[in-house]
Amino acid sequence: MERFGVVADDGNNGRNGALVTTEEEEGSDGAGGSCKMQQSSEDYKQKRAKFHNEEEDPIINQLPDGIPVTILSKLPINEAARTTILSRKWRHLWKFFSGALEFDGSPVMKNIKKDINKALGRQLQMAMEIMFDAERKTYTNWINELFSSLKSPTLEGLRFWFHVATDYDVEKWLQYAIQKKVHKLELYFGHSFEYVLPLHLFKVENFDSLRVLRLKFVTLTSEMLEYLLCCCPSLETLSLNSSGVPNSMKISSSSGSSLKLKCLELVRCWELRNLEICAENLVSLKYCGPHLDTEFRSVPRLVEAEFGGSYVEFTRESFISQIKVLKLDITQNVPQVVYWLCQLPELKNLKHLELVTCMEDGITLSTCALLLKASPSLWRFTLKMLNINPIFRRASTFSKECEYSLKELELVGFCGATCEVELIMYMLENAVRLQKIIIDTRFPTKPKLKPIGEHSTSWDRESIQKRALELHKKIPSSVEVVCL
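Report on the accompanying structure. Residues take numbers from 1 onward in each chain, read along the sequence in its written order. Residues qualify for local features only when their pLDDT is at least 70, as the model is predicted, and side-chain atom pairs are given and counted only at 80 or more; totals for whole chains, interfaces and linings, by contrast, use all residues. Water and hydrogen atoms were dropped before computing side-chain values, which therefore reflect all heavy atoms in the structure.

**A closer look at the nonpolar core**
Generally speaking, nonpolar side chains in soluble globular proteins are found buried as a group.
Then, in step 1: Counting 123 residues, the largest nonpolar core has Leu158 and Phe381 as its most contacted members.
Then, in step 2: No fewer than three residues from each of domain 1 (60–97) and domain 2 (345–445 + 457–483) sit in this core.
Then, in step 3: Once residues lying within four places of it in the same chain are set aside, the contact partners of Leu158 are Leu101, Phe103, Phe147, Tyr176, Ala177, Val182, Lys184, Leu185 and Glu186. By convention a nonpolar core is built from buried Ala, Val, Leu, Ile, Met, Phe, Trp, Tyr and Cys residues, the set being connected through side-chain atoms within 4.5 Å. Categorising residues by exposure relies on relative accessible area from a 1.4 Å probe, with only protein chains included: less than 20% of the type maximum marks a residue as buried, more than 50% marks it as exposed, and the intermediate range marks it as partly exposed. Boundary definitions for the domains trace back to an automatic or database domain assignment. Throughout, a contact is declared for two residues whenever any of their heavy atoms are within 4.5 Å.

So, in structure tokens, the structure goes:
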């Protein structure tokens, strides 16, 4: 009798193995033994081939070349790497990953960072900072090892969104991004890490693949801006958040070629004073910051706008009448906003309006009335209230002004304040086409922005939901009500 087993691979995709035989009958002649071994070897190969044909998933193993890699590139890199256990054929396929890689810091780094802020005593903080630096170094080394393992000539995107210690690795990562011809590049290395986007790296190779660039706390020089607009012909989205920028920004193509930029975001760029835009393909504009001197020379396709901080100058621009989606944040604007909105031209194309406010008195209602009156074609209105404690004052009486075309009303951060109830009653009276009201009782800001437990005493969702149900009874059955 003989025993067979696989003890090692021969390097051919793990398909063949070394054969082990055991002679248990002594005295057999050499020829007979040789024939038995040959026959047994053939039987083993047949059994092995039958095993693979029956046991392995035919769909996975019979996919055309390139399809498995395309599937892997749609997954997060850690999920793609786990597919090595599917079969030997898939063992190294993950190395040809060409999707988007996102590095937001390891879970250990995030937990230590939270604990540092809560630690009592300088010595404990210093010990935890040492632990954080060690974990960050390990995480950085892992990124570098991963990059050296990947064999795909291109990558869809790269996102670095965690605190770094030095710019040595940052420059290597940027070089890697340029070499891999990424389409989407997002950079944030910490608010305390001063980093200037290096023009000399981008000039080494042609970066015509870049479509999306998002920078946070990364300085963009005037030379770098000019390079992006002139030498990155595929650039469609430029987002600058809390970044250093030139005092004057001119968003246009100086070379005469058409600028493909579709989305521009400028948030808390405090150094910016003058903004000039000539962008035929610009669709979306977001600005949040101080007063600007603006000039919009050509923005024929601009239909989406979001403004916060000082945005009075934008309400005077000619493009405001063509906007279809408008978001206004008046949390930092005191009653003067009502005065400026009184001068607002007719928003004849506006379909969706979102107003973010933290005021609980008549200013909110006055602002809503002014915006609604200026928007004859509006069909969806979202009011996001950032108030924490509801104020139950005596209700005001509003006269019927005009019939709105509004079909859908959404209240985010509803807490049952008097002004919210008044707004709904006002809409029911004036919006004769109203079909749906959404009452969202969830806390309107992201929980991670507040310390743990801070919401528990000030945001009693159970009581708020009861107020929402009481309000529901006052709404006609012809209007659909959704309570979240």
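So, next bit.
**Focus on the pairing of strand β12 (residues 274–278)**
Then, in step 1: Secondary structure elements follow DSSP: runs of H or I of four or more residues count as helices, runs of E of two or more count as strands, with numbering from the N terminus. By the alternation rule, side chains of β12 split into Leu275 and Ile277, which are all buried, and Asn274, Glu276 and Cys278, of which none is buried.
Then, in step 2: Across 4 bridges, the pairing between strand β10 (residues 248–251) and β12 is parallel. Bridge assignment links Ser248 to a residue of β12, and that residue is Asn274.
Then, in step 3: Here, a strand pair is defined by DSSP locating no fewer than two bridges between the strands. Note: β12 against strand β14 (residues 293–298), 5 bridges, orientation parallel. Paired with Cys278 across the two strands is Ser298, which belongs to β14.

**Some thoughts on helix α6 (residues 122–149)**
Then, in step 1: Its 28 residues place the ends of α6 41 Å apart at the C-alpha level, agreeing with the 40 Å of an ideal helix rising 1.5 Å per residue.
Then, in step 2: For α6, the set of buried residues is Met128, Phe132, Arg136, Tyr139, Thr140, Ile143, Leu146 and Phe147. Multiplying one less than the number of residues by 1.5 Å gives the expected span of a helix.

**Considering the pairing of strand β13 (residues 284–289)**
Then, in step 1: Extensive coverage of β13 is indicated by the burial of 5 of its 6 residues.
Then, in step 2: Pairing of strand β11 (residues 263–267) with β13, which is carried by 5 bridges, proceeds in the parallel orientation. Residue pairing for β13: Val267 is matched across the bridge by Cys288.
Then, in step 3: Pairing of β13 with strand β15 (residues 304–309) involves 6 bridges; the strand directions are parallel. Bridge pairing in β15 places Lys286 opposite Glu306.

**Some remarks on the packing of aromatic side chains**
Then, in step 1: Pairing of aromatic side chains requires ring centres within 6.5 Å, counting the rings of Phe and Tyr and the six-membered ring of Trp. Pairs whose planes differ by under 30 degrees are stacked, by over 60 edge-to-face, and all others tilted. Summed over the entire model, instances satisfying the criterion amount to 17 aromatic pairs.
Then, in step 2: With a centroid separation of 6.4 Å and an interplanar angle of 90 degrees, the aromatic rings of Phe147 and Phe160 are classed as edge-to-face. Pair noted here: Phe147 is in helix α6 and Phe160 is in strand β4 (residues 157–161), with a separation of 13 residues, a long-range link. A single burial state applies to Phe147 and to Phe160, both of which are buried.
Then, in step 3: Ring plane angle 0 degrees and centroid distance 4.8 Å describe the contact between Phe160 and Trp173, whose orientation is recorded as stacked. One end of the pair, Phe160, is in strand β4; the other, Trp173, is in helix α7 (residues 168–179), with 13 residues separating them in the sequence. Each member of the pair, Phe160 as well as Trp173, is classed as buried.
Then, in step 4: In this structure an aromatic cluster arises from ring pairing among Phe103, Tyr139, Trp142, Phe147, Phe160, Phe162, Trp173 and Tyr176.

**Quick word on the packing of helix α5 (residues 107–118) against α6**
Then, in step 1: In contact at an axis separation of 9 Å, α5 and α6 are set at 160 degrees when each is read in the N-to-C sense. With respect to each other, α5 and α6 are oriented roughly antiparallel. The handedness of the crossing between α5 and α6 is left-handed. Counted together, Val108, Met109, Ile112, Lys113, Asp115 and Ile116 of α5 and Gln125, Met128, Glu129, Met131, Phe132, Glu135, Arg136 and Tyr139 of α6 form the full contact between these two elements.
Then, in step 2: Each residue is assigned to one of three groups, with Ala, Val, Leu, Ile, Met, Phe, Trp, Tyr, Cys and Pro labelled nonpolar, Asp, Glu, Lys and Arg labelled charged, and all others, Gly among them, labelled polar. The residue inventory of the contact of α5 with α6, partitioned by class, reads 8 nonpolar, 1 polar and 5 charged. Lines fitted to C-alpha atoms define the axes, with helix axes restricted to the stretch in contact, and inter-axis angles between N-to-C directions lie between 0 and 180 degrees. Angular relationships are summarised with four words: roughly parallel below 35 degrees, roughly antiparallel beyond 145, roughly perpendicular across 65 to 115, and oblique for the angles in between. In this scheme, a crossing is called left-handed if the near helix is turned counterclockwise away from the far one by less than a right angle; it is called right-handed if the turn is clockwise.

**What to know about the pattern of salt bridges**
Then, in step 1: By salt bridge we mean one thing: a side-chain nitrogen of Lys or Arg within 4 Å of a carboxyl oxygen of Asp or Glu. Applying the stated criterion across every chain, the model contains 14 salt bridges.
Then, in step 2: When the shortest N-O distance is used, the salt bridge between Asp133 and Arg136 registers 2.5 Å. One end of the pair, Asp133, and the other, Arg136, are both in helix α6, 3 residues apart, so they sit about a helical turn from each other.
Then, in step 3: A salt bridge links Glu276 to Arg297, with the shortest nitrogen-to-oxygen separation between them at 2.6 Å. One end of the pair, Glu276, is in strand β12; the other, Arg297, is in strand β14, with 21 residues separating them in the sequence.
Then, in step 4: Relative accessible area serves as the criterion here: at 44%, Arg297 is assigned to the partly exposed category.
Then, in step 5: A single salt-bridge network, built from bridges that share partners, covers Asp104, Arg159, Lys184, Glu186, Arg214 and Glu265.

**Examining the environment of Phe414**
Then, in step 1: Following the sequence through the fold, Phe414 ends up in the loop between β19 (408–412) and α13 (418–430).
Then, in step 2: The exposure class of Phe414 is buried, given its relative accessible area of 1%.
Then, in step 3: Between the alpha carbons of Phe414 and Ile439 there is a distance of 6.4 Å; along the sequence they are 25 residues apart.

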